[in-house]
Amino acid sequence: MTPFDTIITGGTVVTAADTFQADIGITDGRIAAIGQALTGAAEVIDASGLLVLPGGIDSHVHIAQPSGDGVTMADDFESATRSAAFGGHTTLLPFCLQAKGQSLRDAVTWYHGLADGNCYTDVSFHLIITDPTPQALNQDLPALVEDGYTSVKVFMTYEGMKLTDKEILQTLEAAKTCGALPMVHAENDDAIEFLRDRAADRGEVAPKYHASTRPIPAEREATHRAISLAEIIDVPIMIVHVSNGDAIGEIKAGRARGSTVFAETCPQYLVLTADDLDVTGFDGAKYVCSPPPRDTDSQAACWAGLEQGVFDVFSSDHCPFRYDDSEGKKHPEGLKSFRWVPNGIPGVETSLPILFSEGVGKGRIDLNRFVALTSTNHAKMYGLYPQKGTIAVGSDADIVLWDPTRVEVIRQGILHHGADYTPYEGIEVTGWPIRTILRGQTIVADGELRAEKGVGAYRTRARSGQTRAA
Ligand code: URP
Ligand code: ZN
Ligand code: ZN
């Protein structure tokens, strides 16, 4: 009998803290040894010239989420997790949406029905509360947190999903009581509605008006309000998909007051702008997401936030709709006005190469910060650490072998999601994941799927272990 099932040999191991040459021995899906010249395994993987990174964790993805009448998301759990695995991820945290009138527990049961047995990566669910009834807040939420659903998102915008400030306070209070981490989508919905009405008065219906009717002050104001509401309850808060310097300023100000405010940004705020929506015809719909991509100053502010540690996590906000599809971006109502174009863009397969190439490759962040932003901090934030998010003896052997020199041009044709386009078409990146290993099992290698669906499992989570010095 050999001491290990698998040895990964000759690579450069990178964690959030260190970079070193070592072999990794894997037994029963876990890292059993990290050392020099390990021997004795049924399978030896040569990682010479490659980086050996903890598998990517994307803590902000939407999969098969109900999105309104006649609208269907482009990915189910099979295609989303397959795409994620090709992009170097081993764990995803999608959102489980409570519909109005639905119990939180029923929403979770329904979502498990979609996910269980269909995944290529491990998954764990955040909750979304849209109907904060006493039953949801005082009975279901505490019970679900005990069961390992330890984070909950609320929306300040979107008809049918947004909560009032009072409802947000009630939800934050309930989250504090049971130890769930609240996540907030911060945009001022009344301001957006006002601007949309004015746009409609002027006959402005093209996709580019999605960006101009969701301006930076609407995000800045809501970010300030969300942080203030969290201060009233005295609960930590995560501001998701931050798009610009003004919102970053609010996060810094909240922290300076002593609040525990976590923050996330996404690739669309680093490499896209509102100009991408401002094209002839309907193509701008390919970039309709909220908050919208901004301008080059906002991109620079988000990069500075990544460099300086403002952002704790980097996620894709993968929320895919097909473009050329009446159940997607070209929904009959969406063709009439931007306000009915489904919000969201695909990105789970391209997020890591974009951050690596534009961030590490261009000297903006180092390798260890890349690992922190794309794996370790997600695991700590959402209660999966140290089982996930690092390379350490005893941790799950979730590993991606990364070729830092491989040049790829992002094209729809090379991707594996269910969408029929990528908003990142034509972007050249240097650095690409070439092998993704989930609990010791290779799921993707050399551009090919090497596992059956169902290899990915549902993982319960502990409460967030993350703290942030004020
Ligand atoms: O446009 C986006 N981001 N759609 C996904 C839903 C959300 O707000 O996160
Ligand atoms: Zn959101
Ligand atoms: Zn989202």
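For the structure given in this document, a descriptive report is provided here.

**Quick notes on the nonpolar core**
Generally speaking, nonpolar side chains in soluble globular proteins are found buried as a group.
Okay, so step 1: Formed by 63 residues in total, the largest nonpolar core has its most connected members in L53, V184, I239, I251, L355, F370 and W402.
Okay, so step 2: Per-element accounting of this core gives the leading share, six residues, to helix 7 (residues 216-233).
Okay, so step 3: Setting aside residues no more than four positions away along its own chain, L355 makes contact with L270, W303, L306, F314, V360, I365, F370, L373 and T374.
Okay, so step 4: Within the second largest apolar cluster, 30 residues are counted, among which are F77, C96, A115 and L137.

**Notes on unusual backbone geometry**
Okay, so step 1: In this chain, S290 is followed by P291 through a cis amide linkage whose omega measures -10°.
Okay, so step 2: Summarising the element assignment, P291 is placed in the loop between helix 9 (268-271) and helix 10 (296-308).
Okay, so step 3: Put simply, Y385 and P386 share a cis peptide bond, and its omega is 0°.
Okay, so step 4: Of note, D446 is a non-glycine position whose phi angle comes to about 50°, a positive value.
Okay, so step 5: Here D446 lies in the loop between strand 19 (441-445) and strand 20 (448-449).

**Comments concerning the coordination of the zinc ion (ligand 2)**
When four donors bind a metal tetrahedrally, each ideal donor-metal-donor angle is 109.5 degrees, and when six bind octahedrally, the ideal angles are 90 or 180 degrees.
Okay, so step 1: The protein atoms donating to the zinc ion (ligand 2) are K153 (NZ), H185 (ND1) and H241 (NE2), with metal-donor distances spanning 2.1 to 2.3 Å.
Okay, so step 2: Each donor residue of the zinc ion (ligand 2) lies on one chain, and together they are spaced K-x31-H-x55-H.
Okay, so step 3: The two metals, the zinc ion (ligand 2) and the zinc ion (ligand 3), are separated by 3.9 Å. One end of the pair, K153, is in strand 12 (residues 151-155); the other, H241, is in the loop between strand 14 (237-239) and helix 8 (245-256), with 88 residues separating them in the sequence.
Okay, so step 4: According to the relative accessible area criterion, K153 is buried, its value standing at 1%.
Okay, so step 5: Owing to a relative accessible area of 2%, H241 belongs among the buried residues under this scheme.

**Some thoughts on the coordination of the zinc ion (ligand 3)**
Okay, so step 1: Around the zinc ion (ligand 3), the protein supplies H60 (NE2), H62 (NE2) and D317 (OD) as donor atoms, at distances of 2.0 to 2.1 Å.
Okay, so step 2: Of note is the zinc ion (ligand 3), whose four donor atoms meet at the metal with angles of 90 to 126° in an arrangement that counts as tetrahedral.
Okay, so step 3: Summarised as a motif, the one-chain spacing of the donors to the zinc ion (ligand 3) is H-x1-H-x254-D.

**Some remarks on the packing of aromatic side chains**
Okay, so step 1: Evaluation of the coordinates by the stated rule reveals 13 aromatic pairs.
Okay, so step 2: Grouping aromatic residues by their ring pairs yields a cluster made of F77, W110, Y111, F125, Y149 and Y458.
Okay, so step 3: Lying over the aromatic face of F95, K153 brings its terminal NZ or CZ to 5.0 Å of the ring centre.
Okay, so step 4: In this structure, R339 packs its charged tip against the face of W340, placed 5.1 Å from the ring centre.

**Quick notes on the sheet that holds strand 6 (residues 41-46)**
Okay, so step 1: The strand order across the open sheet built from four strands is 5-4-1-6, with neighbouring strands paired in mixed fashion. Strands with a single pairing partner mark the edges of an open sheet, and in this sheet they are strand 5 (30-35) and strand 6. Each adjacent strand pair in this sheet contributes to an overall mean axis angle of 20°, direction not counted.
Okay, so step 2: Relative to strand 4 (residues 23-27), strand 1 (residues 4-9) runs antiparallel, the two sharing three bridges. Opposite T6, over in strand 4, you have I26 as the bridge partner.

**Points about the environment of E448**
Okay, so step 1: Its location among the elements puts E448 in strand 20.
Okay, so step 2: As for E448 and R435, which are separated by 13 residues in sequence, their C-alpha atoms are 9.2 Å apart.
Okay, so step 3: Apart from the residues within four sequence positions on either side, E448 is in contact with F86 and I443.

**Quick look at the sheet that holds strand 7 (residues 51-54)**
Okay, so step 1: Strand order in the open sheet made by the seven strands is 3-2-7-17-18-19-20, with mixed pairing throughout. Whereas interior strands pair on both sides, the edge strands pair on one side only; in this sheet they are strand 3 (19-21) and strand 20.
Okay, so step 2: Sheet topology places strand 7 next to strand 17 (residues 399-409); four bridges connect them, and they run antiparallel. Bridging across to strand 17, P54 finds its partner in I399.

**Side note on the site of ligand 1**
Okay, so step 1: Around ligand 1 lies a shell of 13 residues, among which K153, Y158, H185, S290 and D317 are the nearest.
Okay, so step 2: Within the contact set of ligand 1, an oxygen atom lies 2.7 Å away from a backbone nitrogen or oxygen of S290.
Okay, so step 3: Bound to the protein, ligand 1 loses 97% of the 260 Å² it would expose on its own.
Okay, so step 4: Within the shell around ligand 1, the residues separate by chemical class into four nonpolar, seven polar and two charged.

**Observations regarding the pattern of salt bridges**
Think of it this way: side chains of opposite charge can pair up when their charged atoms draw near.
Okay, so step 1: Enumeration according to the criterion identifies 34 salt bridges in this entry.
Okay, so step 2: Taking the shortest distance from any N to any O, the salt bridge between R202 and E204 comes out at 3.0 Å.
Okay, so step 3: A relative accessible area of 55% means that R202 is categorised as exposed.
Okay, so step 4: For E204, a relative accessible area of 17% translates into the label buried.
Okay, so step 5: Here R255 makes a salt bridge to D312, at a shortest N to O gap of 3.4 Å. Of the two residues, R255 sits in helix 8 while D312 sits in the loop between helix 10 and strand 16 (313-314), which places them 57 residues apart along the sequence.
Okay, so step 6: Judged by its relative accessible area of 8%, R255 is buried.
Okay, so step 7: When its relative accessible area of 5% is taken as the criterion, D312 is described as buried.
Okay, so step 8: In this structure, a network of salt bridges that share partners links the residues D122, K388, D396, D398, R439 and R459.

**A closer look at helix 4 (residues 165-178)**
Okay, so step 1: Taking 1.5 Å as the rise per residue, helix 4 with 14 residues should run 20 Å; its terminal C-alpha atoms sit 20 Å apart, in good agreement.
Okay, so step 2: Those residues of helix 4 that sit buried are I168, T171, L172, A174, A175 and C178. Projection of helix 4 onto a plane perpendicular to its axis shows the buried side chains occupying an angular sector of 165°, all on one side. Away from its buried face, by an angle of more than 90 degrees, helix 4 presents the exposed residues K166 and T177.
Okay, so step 3: Just downstream of helix 4 lies G179, where phi reads positive at about 85°.

Parameters and conventions
- Residues numbered from 1 in each chain as written.
- Chains lettered and ligands numbered in written order.
- Predicted model: local features only at pLDDT ≥ 70, side-chain atom pairs only at ≥ 80, totals over all residues.
- Heavy atoms only, no water.
- Core = buried A, V, L, I, M, F, W, Y, C linked by side-chain atoms within 4.5 Å.
- Buried < 20%, exposed > 50% of the residue type's maximum accessible area, 1.4 Å probe, protein only.
- Helix = DSSP H or I, 4+ residues; strand = E, 2+ residues; numbered from the N terminus.
- Contact = heavy atoms within 4.5 Å.
- Donors = N, O, S within 2.8 Å, 3.2 Å for Na, K, Ca; no water.
- Tetrahedral: all angles 85-135°; square planar, octahedral: opposite > 155°, others 65-115°.
- Phe/Tyr/Trp six-rings, centres within 6.5 Å; stacked < 30°, edge-to-face > 60°.
- Lys NZ or Arg CZ within 6 Å of the ring centre and 35° of its normal.
- Pairing = 2+ DSSP bridges.
- Axes fitted to C-alpha atoms, helices over the stretch in contact; angles between N-to-C directions.
- Near = heavy atom within 4 Å.
- Polar contact = N/O pair within 3.5 Å; in protein donor to acceptor, adjacent residues only side chain to side chain.
- Areas by Shrake-Rupley, 256 points an atom, 1.4 Å probe, with all protein chains shown as cover.
- Nonpolar A, V, L, I, M, F, W, Y, C, P; charged D, E, K, R; others polar.
- Salt bridge = Lys/Arg side-chain N within 4 Å of Asp/Glu carboxyl O.
- Expected span 1.5 Å × (residues − 1).
- Arc of directions from axis to C-beta.

Nothing here speaks to function; it is geometry throughout.
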